[in-house]
Number of protein chains: 2
Amino acid sequence: MSKVEKRSEIVHAALELIAENGFHGAPMAMIAERANVGAGTIYRYFENKDVLINGLCQDLEERMYPIILKGYAADTPLRERFLHLGAALLRYFIGNPLDFRFLEQFHNSPYGVEHRRDKILGKNAEYNVFRELFEAGVSRQVMKDLPLVILFALAFGPLLAVARDHILNFISLDDDLIARTVEASWDGIRR
Amino acid sequence: MSKVEKRSEIVHAALELIAENGFHGAPMAMIAERANVGAGTIYRYFENKDVLINGLCQDLEERMYPIILKGYAADTPLRERFLHLGAALLRYFIGNPLDFRFLEQFHNSPYGVEHRRDKILGKNAEYNVFRELFEAGVSRQVMKDLPLVILFALAFGPLLAVARDHILNFISLDDDLIARTVEASWDGIRR
DNA sequence: CTATACGGAATGAACGTTCATTCCTTCATG
DNA sequence: CATGAAGGAATGAACGTTCATTCCGTATAG
């Protein structure tokens, strides 16, 4: 197994275990076992567990963004753009339940809160499709005149809740239901 | 300290610690210390930590419901009823951030998933204002014709997300913003 | 009224377990 | 051989839980 493969085996095992059992249920020894690696080996790739977990999140975002943005056209009407992003996000989560569950675990832990604080309050102003879309929506008076944070909550709150319900088998989403859910969440933000 | 007081000291300390630091950050020894109680004493009131935590949730719901339902009139229009419940819920969470944070921790743990599975799939059919409101909304064609679970997600997803953002200081909600947020989430579910 | 005996409540040191991390040995490769 | 990667047993800290002991309010006897 090459060095890169080994790293990715560790990352994959960690993500899987955390997604399935939460942070409690993913001790380093178990991660090592599932990755077919010695317990000490992990520490050759990651300084400690915190670093491993934050690395997991970063890896995940880098895998996710290109997939969600595939076919996204920045010159179509705002509504269409939102429907694209919403449906793509929802489909991604449904198709990759482990990724979704990991992100949920992550965002409900001290790690995730810190991460989000940086994103929202940070002076990074990093390029962000979502932020751009919503700022355009407000300034063109297509969306409600509410703070960006609230618009995000109105748009993504339902989508994440629905993804969770699907993954926990409280409901079964098909393409039609996905489309109607995203349209409904658009009704929440549009003027 | 009377027996009842002692129990409630333990419950309060546990809720506070779990809300502030998550389940990780609330070892029994620390709960005991904050409750001014011996470590072993907790086990005179609760069989083990699981029982304590589930008890916390139950206590909390019993405290919450009467407050949220105060002034709720089952004979007013559906929109008005929803706005009442939504605003009451949001105000409760904002006014009791520890309760909110505890519920979030709880629902994102195995405890909470089990709890929710029982509520949604259980044959209990326990009386539930929320379910009743939404079923009426669908059958009177005031709300979108979507599965109940999705309507719940559309309605409460944004409210919970907004409460979280307020409590984490990503935004500051006042009465006006609360009202406009709840109205927006009504737009998401109404036909 | 005081002294003593009793029993349930409270205590916190101690236990066994589990975890993240370290460290020394073994192995593979040049 | 020499070098660095990999392995997994060892380590110590932290956890939930237990239990022998202490504490204290009340009942009883003198």
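Residues numbered from 1 in each chain as written. Chains lettered and ligands numbered in written order. Predicted model: local features only at pLDDT ≥ 70, side-chain atom pairs only at ≥ 80, totals over all residues. Heavy atoms only, no water.

Caption draft 1: Quick look at the overall build of chain A. A tally of regular secondary structure across chain A gives ten helices and zero strands. Helices (α) and strands (β) of chain A occur, in sequence order from the N terminus, as α-α-α-α-α-α-α-α-α-α. With the C-alpha coordinates aligned to their principal axes, the bounding extent of chain A is approximately 55 × 40 × 30 Å. By the burial criterion, 49% of the 191 residues in chain A qualify as buried. Across chain A, the fraction of contacts at a sequence separation of at least 24, relative to all contacts at a separation of at least 6, is 66%. Here chain A contributes 23 positive and 26 negative side-chain charges, whose respective centroids are spaced 3 Å apart. (Helix = DSSP H or I, 4+ residues; strand = E, 2+ residues; numbered from the N terminus. Buried < 20%, exposed > 50% of the residue type's maximum accessible area, 1.4 Å probe, protein only. Contact = heavy atoms within 4.5 Å. Lys, Arg positive; Asp, Glu negative; His and termini not counted. Charge placed at Lys NZ, Arg CZ, Asp CG, Glu CD.)

Caption draft 2: Just the protein's contact with DNA strand C, in detail. Taken together, 16 residues sit near DNA strand C, with A:Met28, A:Lys49, B:Gly38, B:Thr41 and B:Arg44 positioned nearest. Sugar and phosphate atoms represent 68% of those atoms of DNA strand C found within 4 Å of the protein. The separation between a phosphate oxygen of DNA strand C and a polar side-chain atom of B:Lys6 is 3.4 Å. Here a base nitrogen of DNA strand C sits 3.1 Å away from a polar atom, N or O, in the main chain of B:Gly40. At the level of elements, helix H1 (3-21) and helix H3 (42-45) of chain B are the ones that each hand at least two residues to the surface near DNA strand C. Its residues placed into classes, the surface near DNA strand C shows seven nonpolar, five polar and four charged. (Near = heavy atom within 4 Å. Polar contact = N/O pair within 3.5 Å; in protein donor to acceptor, adjacent residues only side chain to side chain. Nonpolar A, V, L, I, M, F, W, Y, C, P; charged D, E, K, R; others polar.)

Caption draft 3: Seen up close, the nonpolar core. Counting residues in each nonpolar core, the largest one holds 133 residues, and the members touching the most others are A:Ile31, A:Phe102, B:Ile31 and B:Phe102. Discounting residues that sit within four places of it in the chain, A:Ile31 has contacts with A:Ile10, A:Ala13, A:Ala14, A:Leu17, A:Ala26, A:Ile42 and A:Leu52. (Core = buried A, V, L, I, M, F, W, Y, C linked by side-chain atoms within 4.5 Å.)

Caption draft 4: View of the packing of helix H9 (residues 148-167) of chain A against helix H10 (residues 175-189) of chain A. All names here are of chain A. Viewed as axis vectors pointing N to C, H9 and H10 meet at an angle of 160°, and their least axial separation amounts to 8 Å. In terms of their interaxial angle, H9 and H10 are classed as roughly antiparallel. Handedness of the H9/H10 crossing: right-handed. Facing H9, whose interface residues are Leu151, Leu154, Ala155, Pro158, Leu159 and Val162, H10 presents Thr181, Val182, Ser185, Gly188 and Ile189. Classifying every residue of the contact of H9 with H10 gives eight nonpolar, three polar and no charged. (Axes fitted to C-alpha atoms, helices over the stretch in contact; angles between N-to-C directions. Parallel < 35°, antiparallel > 145°, perpendicular 65-115°, else oblique. Left-handed = near helix turned anticlockwise from the far one by under 90°.)

Caption draft 5: Representation of the side chain of A:His166 within the structure. Residue and element names in this part refer to chain A. One can find histidine 166 in helix H9. Accessibility expressed as a relative area gives 17% for histidine 166, which makes it buried. Leave out the neighbours within four places in its chain, and histidine 166 touches Ile94, Ile171, Ser172 and Leu173.

Caption draft 6: Geometry of the pattern of salt bridges. The final tally for this structure, using the stated rule, is 20 salt bridges over all chains. Taking the shortest distance from any N to any O, the salt bridge between B:Asp99 and B:Arg63 comes out at 3.1 Å. Here B:Asp99, found in helix H6 (residues 97-107), pairs with B:Arg63, found in helix H4 (residues 49-69); they are 36 residues apart in sequence, far enough to count as distant. As a salt-bridge pair, B:Arg190 and B:Asp187 come within 2.7 Å of each other at their nearest N and O atoms. B:Arg190 gets classed as partly exposed once you look at its relative accessible area, which sits at 34%. One continuous salt-bridge network, built from bridges that share partners, spans A:Glu16, A:Glu20 and A:Arg34. (Salt bridge = Lys/Arg side-chain N within 4 Å of Asp/Glu carboxyl O.)

The values are spatial; any link to function lies outside them.
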